[in-house]
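Given next are the chains, with one letter for each unit.
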Amino acid sequence: MTVDANGKTGRRPGPGSSRQTILDAARDQFMQHGYKGATMRAIAGQAGADPNLIRHFFGDKDGLFAAAMELPPQAAATVLAVFDGPIETWGAGLTRAYLSIWEDPLTAAPVRATLVSAFTNDQALERLREFLISVALEPASRRLTTSNPALRLTVSMSHLMGVALTRYILQAPPMRAPSVDELVALVGPTIQNYLTGPLPAPGE
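Residues numbered from 1 in each chain as written. Predicted model: local features only at pLDDT ≥ 70, side-chain atom pairs only at ≥ 80, totals over all residues. Heavy atoms only, no water.

### Quick notes on the pattern of salt bridges
Applying the stated rule across the entire model yields five salt bridges. Between Glu-126 and Arg-129 there is a salt bridge; the shortest N-O distance is 2.6 Å. With Glu-126 and Arg-129 both in helix H8 (residues 122-141), this residue pair falls three residues apart, about one helical turn. Taking the relative accessible area as the measure of exposure, Arg-129 reaches 38% and is therefore partly exposed. (Salt bridge = Lys/Arg side-chain N within 4 Å of Asp/Glu carboxyl O. Helix = DSSP H or I, 4+ residues; strand = E, 2+ residues; numbered from the N terminus. Buried < 20%, exposed > 50% of the residue type's maximum accessible area, 1.4 Å probe, protein only.)

Below is the structure:
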C-alpha cells in the first residue's frame, strides 16, 4: 500500500515492490537511529506505506527487524567459492569476495545494517555471529587443508571486517580512495599468510 497526498491508501504497482521498499526504509532507520530509536511510523513514512501493510508483511517491529537483518545466502556462497580455487589464490580471492559483498547493493544493504546494528542490538549481533560462524567460518574451515583452519579464517575475516568498517561505514578517505583491485593487491598477501603461512609455535 501507499499513502497519497490526500491520505488515501492504495496498493503499490508491481509484485513485491512494497515489501522491498519497507525493508530498505527499515534498514536505513535502524542504521540511523538504532533498534530503539527507529519507529514503525517513521519506517512507514519513509517507505510511503501504510503501517498496516508493515504488520501484514512482518507482524511487529521484532519481525521487521529480523527480516531487515537477514543476510543473503549468496554472501556466504561468494566466500565459500574462494576455497574451490588453487591454494595460492585464497588470500586475494577471499579479499575480493568479501569486498564484492559490500560493493553490490543487493548484498551490501543487509550486511551494512547488521554490522552497524550489532554494536547496539543483541539480535543483530547474534545474526552477525551466526553468519560468520555457521554460514561462513565453519563451512570454510572444512575446506581448508592447513592447520588450525578455524583460527586462520577467524583472523582473516576479522581483518577484512575492519577493512570494510573503515571503507564503507566510517568512509575514511584513505580507504575510500583505492579501487577494489588496489585493496586486493594490498590486503590479499596478508590474508594469504593468515590462511596458509606458518603459525606461531605455542608459547611464542
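### With respect to the environment of Asn-193
Position of Asn-193 relative to the elements: it lies in helix H11 (residues 180-196). Under the relative-accessibility criterion, Asn-193 is labelled partly exposed at 45%. For Asn-193, the contacting residues outside a window of four places in its chain are Arg-152 and Pro-198. (Contact = heavy atoms within 4.5 Å.)

### What about the nonpolar core?
Core analysis: the largest hydrophobic core is formed by 36 residues, its most contacted members being Phe-83, Leu-94 and Leu-195. Once you skip the residues sitting within four places of it in the chain, Phe-83 turns out to touch Trp-90, Leu-94, Ala-140, Arg-143, Leu-144, Leu-153 and Leu-195. Ala-49, Leu-53, Ile-54 and Ala-67 belong to the second-largest nonpolar core, a separate cluster that totals 21 residues. (Core = buried A, V, L, I, M, F, W, Y, C linked by side-chain atoms within 4.5 Å.)

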